[in-house]
Amino acid sequence: MNWTLEVVVVPVSDIDRAKEFYADRLGFVVDHDTRIGDDVRIVQLTPPGSGCSIVIGRGAVPDMPPGSLKGLQLVVPDVAKARAELVARGVEVSEVQVLGENPRPVPHPLDNVGFVFFTDPDGNAWGVQQISSRG
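Residues numbered from 1 in each chain as written. Predicted model: local features only at pLDDT ≥ 70, side-chain atom pairs only at ≥ 80, totals over all residues. Heavy atoms only, no water.

Engineer: Quick question: what am I supposed to make of helix H2 (residues 79-88) here?
Structural biologist: Owing to its 3.6 residues per turn, the α-helix aligns residues three or four sequence positions apart on the same side. Of all the residues in H2, the buried ones are Val79, Ala82, Arg83 and Leu86. One face of H2 carries all of its buried residues, which in axial projection span an arc of 100 degrees. Counted as exposed and oriented over 90 degrees from the buried face of H2: Lys81 and Ala88. Lining the buried residues of H2 we find helix H1 (15-25), strand S5 (72-76), strand S7 (114-119) and strand S8 (125-130). Two or three places before Ala80, at the opening of H2, Asp78 has a side-chain oxygen 3.1 Å from that residue's backbone nitrogen. (Buried < 20%, exposed > 50% of the residue type's maximum accessible area, 1.4 Å probe, protein only. Helix = DSSP H or I, 4+ residues; strand = E, 2+ residues; numbered from the N terminus. Arc of directions from axis to C-beta. Contact = heavy atoms within 4.5 Å. Polar contact = N/O pair within 3.5 Å; in protein donor to acceptor, adjacent residues only side chain to side chain.)

Engineer: It is not clear to me how the packing of aromatic side chains should be interpreted in this structure. Could you clarify?
Structural biologist: By the definition in use, this model includes seven aromatic pairs. Measuring from ring centre to ring centre gives 6.3 Å for Phe21 and Phe118, while their planes differ by 50 degrees; the resulting arrangement is tilted. Separated by 97 residues along the polypeptide, Phe21 in helix H1 and Phe118 in strand S7 bring together distant segments of the chain. Three or more aromatic residues joined by ring pairs form one cluster here, namely Phe21, Tyr22, Phe28, Phe118 and Trp126. (Phe/Tyr/Trp six-rings, centres within 6.5 Å; stacked < 30°, edge-to-face > 60°.)

Engineer: Help me understand the nonpolar core in this model?
Structural biologist: Among soluble globular proteins, nonpolar side chains are generally buried collectively. One finds Tyr22 and Phe118 to be the most contacted residues of the largest nonpolar core, which totals 28 residues. Sorting the residues of this core by element identifies H1, strand S3 (40-46), strand S4 (53-58), S5, H2, S7 and S8 as the ones contributing at least two each. Of all the elements, H1 adds the most residues to this core, at five residues. If sequence neighbours within four positions are ignored, Phe118 has contacts with Phe21, Leu26, Leu86, Val91, Glu92, Val93, Asn124, Ala125, Trp126 and Val128. (Core = buried A, V, L, I, M, F, W, Y, C linked by side-chain atoms within 4.5 Å.)

Engineer: Hey, could you run me through the pattern of salt bridges in this one?
Structural biologist: Charged atoms that come close allow side chains of opposite charge to pair. A full pass over the atoms with the stated rule returns seven salt bridges. Between Arg89 and Glu85 there is a salt bridge, with the nearest N and O atoms lying 3.6 Å from each other. Counted as one network, the salt bridges with shared partners bring together Asp16, Lys19, Asp33 and Arg41. (Salt bridge = Lys/Arg side-chain N within 4 Å of Asp/Glu carboxyl O.)

Engineer: Where do I start with the pairing of S4 in this structure?
Structural biologist: The two faces of the sheet receive side chains in turn, since in a regular strand these alternate between them. For S4, the tally of buried residues reaches five of six residues, placing the bulk of the element in the interior. In this structure, strand S1 (residues 7-9) lies alongside S4, joined through three bridges in parallel fashion. Of the residues in S4, the one forming a bridge with Val8 is Ile54. Two elements, S3 and S4, share five bridges in a ladder whose sense is antiparallel. Bridge assignment links Val43 to a residue of S4, and that residue is Ile56. Hairpin connection between S3 and S4: a loop of six residues separates the two successive antiparallel strands, and Gly49 in this loop has a positive phi of roughly 85 degrees. (Pairing = 2+ DSSP bridges.)

The quantities given are spatial measurements derived from coordinates; they are silent on function.
Structure (structure tokens):
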């Protein structure tokens, strides 16, 4: 049996500000923005190429403190190129960092160990890891 992770709820304080950040700054696709009355809103966004989406909203999502989600991780084939794209889109992102060592040869020296880090406007923390073989 396959078990796939499809959605992660990201707690935010301002849905419109978060939607702008994830869609316009990060380039996530807005799958839907659904309003059910005045008290329920669900926005689903998906990173390009990902099988897992994020959901931001109110009313129909778990109540968590905004900015409390840490350690979300995206994988890209070229972390330096991803960093340059984030910088060009106005995202504050760390320099490329090498974390650890590869136990065996890999196609690119940053594979598995090359990372950059950023936070959304609420402080939810993301990492971006390079794995070129997934590109």
